[in-house]
Amino acid sequence: MSENCIFCKIVAGEIPSKQFYQDELVSAFQDISAQAPVHILIVPNQHFNDLGEMGDAQADILGRIAQVAGQLAVQEGVSSDGWRFVTNIGRHGGQEVFHTHFHLLGGRPLGPLLAR
Ligand code: AMP
Ligand code: ZN
């Protein structure tokens, strides 16, 4: 748990969220400012500032995140039309919360990957 990290507090249940999934490695919860009908954040329970801090030692966590994303896409009804799974890193990536998280987005055509 990292001091003052909002996602650590959500994982710990200290800040309320709409939770979609939680196990010993990962948690998934509703993005507070959803940009698509389905906008779920999937995070490691342990604090890492971003994906760049995670490596071979976290292969189990990263594998679980990918697996849970696929399951939630099915559960939330976006698997047939398609969805997007992205993580932002650092300043150029536009990262705002410095606890690794992946955005699962779907439920409408998502447009180009990058703003033009
Ligand atoms: P990023 O720009 O990739 O760091 O994304 C951060 C995301 O966290 C944004 O989509 C925010 O809407 C979302 N967010 C910020 N605070 C909360 C919160 N308390 N609960 C859920 N999502 C949040
Ligand atoms: Zn954290």
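Preceding block: the structure.
For clarity, every value in this text was computed on a predicted model and none was experimentally measured. (Residues numbered from 1 in each chain as written. Chains lettered and ligands numbered in written order. Predicted model: local features only at pLDDT ≥ 70, side-chain atom pairs only at ≥ 80, totals over all residues. Heavy atoms only, no water.)

Teacher, can you tell me more about the coordination of the zinc ion (ligand 2) here?
Each angle at a metal carrying four tetrahedral donors should ideally be 109.5 degrees, and each at a metal carrying six octahedral donors should ideally be 90 or 180 degrees. Every protein donor of the zinc ion (ligand 2) is accounted for by Cys-5 (SG), Cys-8 (SG), His-47 (ND1) and His-99 (ND1), and the metal-donor separations fall at 2.0 to 2.3 Å. One can describe the site at the zinc ion (ligand 2) as tetrahedral: its 4 donor atoms subtend angles covering 106 to 115° at the metal. Considered as a linear motif, the donors of the zinc ion (ligand 2) on their single chain read C-x2-C-x38-H-x51-H. Remark: His-99 occurs in the loop between helix H3 (90-93) and strand S5 (102-106) and His-47 occurs in the loop between strand S3 (38-44) and helix H2 (59-75); sequence separation between them is 52 residues. (Donors = N, O, S within 2.8 Å, 3.2 Å for Na, K, Ca; no water. Tetrahedral: all angles 85-135°; square planar, octahedral: opposite > 155°, others 65-115°. Helix = DSSP H or I, 4+ residues; strand = E, 2+ residues; numbered from the N terminus.)

Looking at this structure, I do not really get the pattern of salt bridges. What am I missing?
Opposite charge on two side chains allows them to pair when their charged atoms are near. Applying the stated rule across the entire model yields 2 salt bridges. When the shortest N-O distance is used, the salt bridge between Glu-24 and Arg-64 registers 3.4 Å. You can see Glu-24 sitting in the loop between strand S1 (19-22) and strand S2 (26-30) and its partner Arg-64 sitting in helix H2, a full 40 residues away along the chain. The class for Glu-24 is exposed, based on a relative accessible area of 58%. For Arg-64, a relative accessible area of 21% corresponds to the partly exposed category. Salt bridges linked by common partners bring Asp-23, Glu-24 and Arg-64 together as one network. (Salt bridge = Lys/Arg side-chain N within 4 Å of Asp/Glu carboxyl O. Buried < 20%, exposed > 50% of the residue type's maximum accessible area, 1.4 Å probe, protein only.)

Where do I start with the side chain of Thr-100 in this structure?
By the element assignment, Thr-100 lies in the loop between H3 and S5. Taking the relative accessible area as the measure of exposure, Thr-100 reaches 1% and is therefore buried. Here Leu-51 takes part through its backbone nitrogen, which lies 3.5 Å from a polar atom of the side chain of Thr-100. Non-local contacts of Thr-100, meaning those with residues more than four positions away in its chain, are made with Ile-42, Val-43, Pro-44, Phe-48, Asn-49, Asp-50, Leu-51 and Met-54. (Polar contact = N/O pair within 3.5 Å; in protein donor to acceptor, adjacent residues only side chain to side chain. Contact = heavy atoms within 4.5 Å.)

Explanation requested: the pairing of S3 in the structure shown.
Within a regular strand, side chains alternate between the sheet's two faces. Counted residue by residue, S3 has 7 buried out of 7 residues, so it is predominantly covered. Judged by which residues are buried, S3 turns out to be covered on both faces: Val-38, Ile-40, Ile-42 and Pro-44 on one side and His-39, Leu-41 and Val-43 on the other are all buried. Of the strand pairs in this sheet, S2 and S3 are connected by 5 bridges, and their pairing is antiparallel. Its bridge partner lying in S3, Gln-30 is registered against Ile-40. Alignment of S3 against S5, held across 5 bridges, turns out to be antiparallel. Its bridge partner lying in S5, Leu-41 is registered against His-103. (Pairing = 2+ DSSP bridges.)

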